[in-house]
Amino acid sequence: MIPLPRVLPAPLRRHPRLAVALALAAGLPLLAWLAALAISFIPLATAPYLAAEPSPELLDRNGRTLHVFLNSREQWCLPRPLDQISPWLRQATLAAEDQRFESHGGIDGAAILRAAVQNARGGRIVSGASTLPMQVAKLGGLDSRSFAGKLRQAALALRLDRQAGKPALLAAYLNKAPYGMNLVGAEAAARRWFGRTAAELTLPEAALLAALPRAPTALDPLAHPERARRARNHVLARMHAEGMIDEARLAESLAAPLGARIHPFPAAAPHLAMRLRPALRAPNPPRATLDAAIQAEAQRLLAHRLEVWGSEIDSGAALVIDVRTAEVLAHVGSPDFFHERAGQFDATRAERSPGSTLKPFTYALALERGRLYPTERLLDDTLDLGRWRPRNFGGGHAGLVPADQALRRSLNVPAVLIFGRLGEQAMQDFLRAAGLSTLTRSAGFYGYGMALGNCEARLDQLAGAYAMLAALGDWRPLRWTLAQSAASPIRLLERDTCLALYQMLEQPLPGRPARQPTGALPSAPPVCWKTGTSTGNRDAWAFVYNGQYVVGVWFGNHDGRPSRRLIGAEAALPMAARLFQSLPARPEPAWPAMAADELRPVQICPASGLPIAGACPHAESVLLPRGPFLDRICEVHWPAPAGGVVERWPASARGWDLAAVGQPPPNQPPPDPDRAGRPFEIIMPAYGGRYLLTGEPGGDRLRLESSLDQQGPVHWFQNDRYLGASQPGRPLMLELTAGSHRLVCVAPTAERAVSEFHVDHPQAIY
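Residues numbered from 1 in each chain as written. Predicted model: local features only at pLDDT ≥ 70, side-chain atom pairs only at ≥ 80, totals over all residues. Heavy atoms only, no water.

A. Highlighting the overall build of the protein chain. When you go through the protein chain residue by residue, the secondary structure sums to 24 helices and 25 strands. The buried share among the 766 residues of the protein chain stands at 50%. For the protein chain, the proportion of contacts with a sequence separation of at least 24, taken over those separated by at least 6, is 66%. Approximately 36300 Å² of the protein chain is accessible, and the part contributed by carbon and sulfur atoms is 55%. (Helix = DSSP H or I, 4+ residues; strand = E, 2+ residues; numbered from the N terminus. Buried < 20%, exposed > 50% of the residue type's maximum accessible area, 1.4 Å probe, protein only. Contact = heavy atoms within 4.5 Å. Areas by Shrake-Rupley, 256 points an atom, 1.4 Å probe, with all protein chains shown as cover.)

Below, the structure is given as structure tokens:
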């Protein structure tokens, strides 16, 4: 035997086996530390232990929760990063579960010794030494009460602690721990027990939640409130002992009531959430374009409006759209998703009769195609179309009214006449291009009734069409999620047409004065609005818009029952107005500005509202959009045979409209039979001709000639500018200017002839 060193005490030299045993015992902690260190470096895929199975969750554009579904395990689980969990809950959890979390490497040796001594003294398990990393291992599936199982848990905890890191482990525990019932994670628990997010928890609430994972059923705050209070107070005492809270905060928190009760999970925008539910299960679920605050206000206003009516009206829907992006900011498909009959049907997609809400599109297309001037006067009078005689909603007729008033007052006869100028097919093609996919039948099937909304339309598609008007003619498909790529706009109308429509539809919302009194606070930005009521009072509509927002509202009954309350201006407009006025202000202009070069001065006849003809005795200067070609003129005033001017007013609305679109007005002399078969054309300047400026006084004038010069007065326009009239014995001379020109000659029958020519300057040639 090798002699032991003399430095050892004599008793140990006399008992070498004891010396070896003591040496081994002294080295065990070092060996254990080395073993633990080696285990912690064994590679591990940490993601399965850190990730929780989330409940499908619809978030708004700002990350706020709109709607939550149960996950595949029928649990509520809403994982959140640490910075979205209250610091109080983080500290309370460490005080309750793992006070030395920041200092140990996954297992707590001191806690193990303490537990061993306490369990030995008690003869049973009275204390545990489980750390947060060990509990994460347990929550990840390694759950065992055997000694071997605990060793495996400890080994896994060592690896998790080193390779995942403390913040990730704390977040994993807070997102995977059980908090009672089917609540998994702190966010779900905070919402269910306290009706707030985990970030908003108070200190007493956080202490209660920190206590629950140890015995979620036994500490249920509703079933066992006293047990839950004692457990909460124990956590508060531990926090005080660890120096996390002071004496005053401890006393205040101990005296606080539990405050726990059942709160519903967010369930806003249920129809959209149901449509997006499959995508919400994806690893990177899309966010909705909705704004939670705007959505909540839309739902509140719709529900309140229907409460007033009781059972007389059972359904309604609302949309709010961002004009710049075509993003939907609020979507309410029904007032109550759980209504036994109408709740789960998304009324924004229902095909209903839109009534007068289609009239702005008729006016817009007529303006675009030069078939209507904003200043034009229209005759609202009896109109016989055979089997159909359109009438106004309130009965009676308004007589001769400007086009903008006819649109604002939603007069039916003028709308039908303007529709007739365009034709059924042109109007249907335009509406379909604007997104109204519901017009699936032939144009002839709808006929003139399309002008008054006797067809099918959906609230979402019609709101998208109004967004096109608000966006000055650019149509985009509506965007429901931020993941949708922004589509390139499709131009359906020119900017100046939509600007004219802005002016025609602008009017104060109900309850607001048309003009603010002197010295009053600045008024709200101007808005445009239009209402609609379907035949038989089955649908009530309203749309309000400006350059920032479009609000669309519909009310009706799911089974189509009529109601005397279903009038657009009385049922839908008040809610649409309140919703629009509640929308947040924005820095960009709410009303589009019209540049100087987008307008041109036009001389119109005050009697007809059309550009003046040669016989009009009076003229009024107005600014009209530059785009439409001004080739229609006043047909009311005519030279009298004995001198002076006579007025020829059509006797009926139909006759007035025929005159407006170029048909011979009543009492107009028939065309000369000698002209039969001869085309109406411009003789001078010839089509395609080129002329050279001489620069000589009076040498750069050209006499305008047409094939009708000997038949009566004809009217001349150059580059959209009215030049005047020529008639037998009174020719019209044109002053030539350099450049390309377009000349239009209009006959008394409104027939047109066109010539295009070019004038050169000598310096441009030599």
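B. Quick peek at a nonpolar patch on the surface. Together, M181, L222 and I262 line one region of the surface with nonpolar side chains, adding up to about 290 Å² of accessible area. Position of M181 among the secondary structure elements: in the loop between α8 (166-176) and β4 (183-184). For M181, a relative accessible area of 53% corresponds to the exposed category. (Patch = residues over 30% accessible without salt bridge, like charges linked within 9 Å, V, L, I, M, F, W, Y side chains within 5 Å. Salt bridge = Lys/Arg side-chain N within 4 Å of Asp/Glu carboxyl O.)

C. Main features of helix α15 (residues 359-368). Burial runs high along α15: nine of the 10 residues are buried. Every buried residue belonging to α15 is among K359, P360, F361, T362, Y363, A364, L365, A366 and L367, and all of these are buried. Looking one or two residues past α15, G370 carries a phi angle of roughly 70°, positive in sign.

D. View of helix α9 (residues 186-194). Most of α9 sits inside the fold, with nine of its nine residues counted as buried. Turning to α9, its buried residues are A186, E187, A188, A189, A190, R191, R192, W193 and F194. Turning to α9, the residues buried within the fold contact β2 (65-68), β3 (76-77), α4 (87-97), α8, β4 and α10 (203-211). Phi turns positive, to about 65°, at G195, one or two residues after α9.

E. Quick look at the sheet that holds strand β18 (residues 682-684). As summarised here, the arrangement of the three strands in space is β18-β20-β23, forming an open sheet in which the pairing is antiparallel. The sheet is open, and its two edges are formed by β18 and β23 (732-735), each paired on a single side. Strand-to-strand twist of the sheet, defined as the mean angle between neighbouring strand axes without regard to direction, takes the value 40°. (Pairing = 2+ DSSP bridges. Axes fitted to C-alpha atoms, helices over the stretch in contact; angles between N-to-C directions.)

F. Layout of the pairing of strand β21 (residues 714-718). A large share of β21 lies buried, amounting to five of its five residues. In terms of strand pairing, β21 meets strand β22 (residues 721-726) through five bridges, oriented antiparallel. In the strand pairing of β22, V714 is matched with S726. Hairpin connection from β21 to β22: two residues lie between these consecutive antiparallel strands, with N719 at a positive phi of about 50°.

G. Fine view of the nonpolar core. If you look at the biggest cluster of nonpolar residues, it comprises 82 residues, and the most contacted ones within it are F361, Y363, L501 and Y545. The dominant element in this core, judged by the number of residues it contributes, is helix α20 (residues 459-470), at nine residues. Beyond its immediate sequence surroundings of up to four residues, Y545 is in contact with Y466, L469, A470, L501, Y502, L505, V527, C528, V550 and F580. Membership of the second largest hydrophobic core comes to 53 residues, among which are A92, A188, F194 and L212. (Core = buried A, V, L, I, M, F, W, Y, C linked by side-chain atoms within 4.5 Å.)

H. Region of interest: the packing of α15 against helix α18 (residues 424-433). The geometry of α15 relative to α18 is characterised by a closest axis approach of 11 Å and an angle of 110° between their N-to-C directions. Judged on the interaxial angle alone, α18 and α15 are roughly perpendicular. Across from F361, T362 and L365 in α15, the residues of α18 making contact are A426, M427, F430 and L431. Here the residues of the contact of α15 with α18 sort into six nonpolar, one polar and no charged. (Parallel < 35°, antiparallel > 145°, perpendicular 65-115°, else oblique. Nonpolar A, V, L, I, M, F, W, Y, C, P; charged D, E, K, R; others polar.)

I. Broad picture of the environment of E570. Counting through the fold element by element, E570 comes out in helix α22 (residues 568-582). Each C-alpha atom, one on E570 and one on P510, is 9.8 Å from the other, the two residues being 60 residues apart in sequence.

J. Fine view of the side chain of T46. Looking at the secondary structure, you find T46 in the loop between α2 (16-40) and α3 (47-50). Excluding residues that lie within four positions of it along the chain, T46 makes contacts with L160, Q163 and A164.

K. Structural view of the sheet that holds strand β11 (residues 528-533). Ordered by their spatial adjacency, five strands build an open sheet running β6-β5-β13-β12-β11, and the pairing between neighbours is antiparallel. At either margin of the open sheet sits one strand with a lone partner, and together these are β6 (327-332) and β11. Across the sheet, the axes of successive neighbouring strands diverge by a mean angle of 10°, strand direction being ignored. As paired strands, β11 and strand β12 (residues 539-545) are joined by six bridges and run antiparallel to one another. Note that in β12 the partner of T531 across the bridge is A542. On top of the sheet, α20 reaches β5 (315-322), β11, β12 and β13 (549-556); it is set at about 30° to β12, its chief contact.

L. Fine view of the confidence of the model for the protein chain. Averaged over every residue, the pLDDT of the protein chain is 85; residues scoring 70 or more account for 84%. Between residues 115-120, whose pLDDT stays under 50, and residues either more than four places distant or in other chains, the model counts nine contacts. Every residue in residues 661-677 scores below 50 in pLDDT, and together they form 23 contacts with partners more than four places removed in sequence or on other chains. (pLDDT = per-residue confidence, 0-100.)

M. Summary view of unusual backbone geometry. Looking along the chain, the bond that leaves M684 and enters P685 is cis, with omega of 5°. Checked against the element boundaries, P685 lands in the loop between β18 and β19 (690-692). Phi is positive for S410, which is not a glycine, with a value near 55°. Mapping S410 onto the fold places it in the loop between α16 (403-408) and α17 (412-422).

N. Structural context of the packing of aromatic side chains. Applying the stated criterion across every chain yields a total of 12 aromatic pairs. Plain terms: the ring middles of Y466 and F543 are 4.4 Å apart, the flat faces sit at 10° to each other, and that makes the pair stacked. Remark: F543 occurs in strand β12 and Y466 occurs in helix α20; sequence separation between them is 77 residues. Taken individually, Y466 and F543 each receive the classification buried, so the pair is uniform in this respect. Centroid distance Y549 to F580: 6.3 Å. Interplanar angle 90°. Geometry classified as edge-to-face. On the criterion of sequence distance, the pair formed by Y549 in strand β13 and F580 in helix α22 is long-range, its members being 31 residues apart. The class for Y549 is buried, based on a relative accessible area of 3%. (Phe/Tyr/Trp six-rings, centres within 6.5 Å; stacked < 30°, edge-to-face > 60°.)

O. Focus on the pattern of salt bridges. Per the stated rule, a full pass over the model turns up 30 salt bridges. Note that E53 and R73 form a salt bridge whose closest N and O atoms lie 3.3 Å from each other. Residue E53 is found in the loop between α3 and β1 (57-59), and its partner R73 is found in the loop between β2 and β3; the two are separated by 20 residues along the sequence. A salt bridge links E588 to R324, with the shortest nitrogen-to-oxygen separation between them at 3.5 Å. One end of the pair, E588, is in the loop between α22 and β14 (599-604); the other, R324, is in the loop between β5 and β6, with 264 residues separating them in the sequence. Each of E57, R80, E187 and R191 takes part in one network of salt bridges that share partners.

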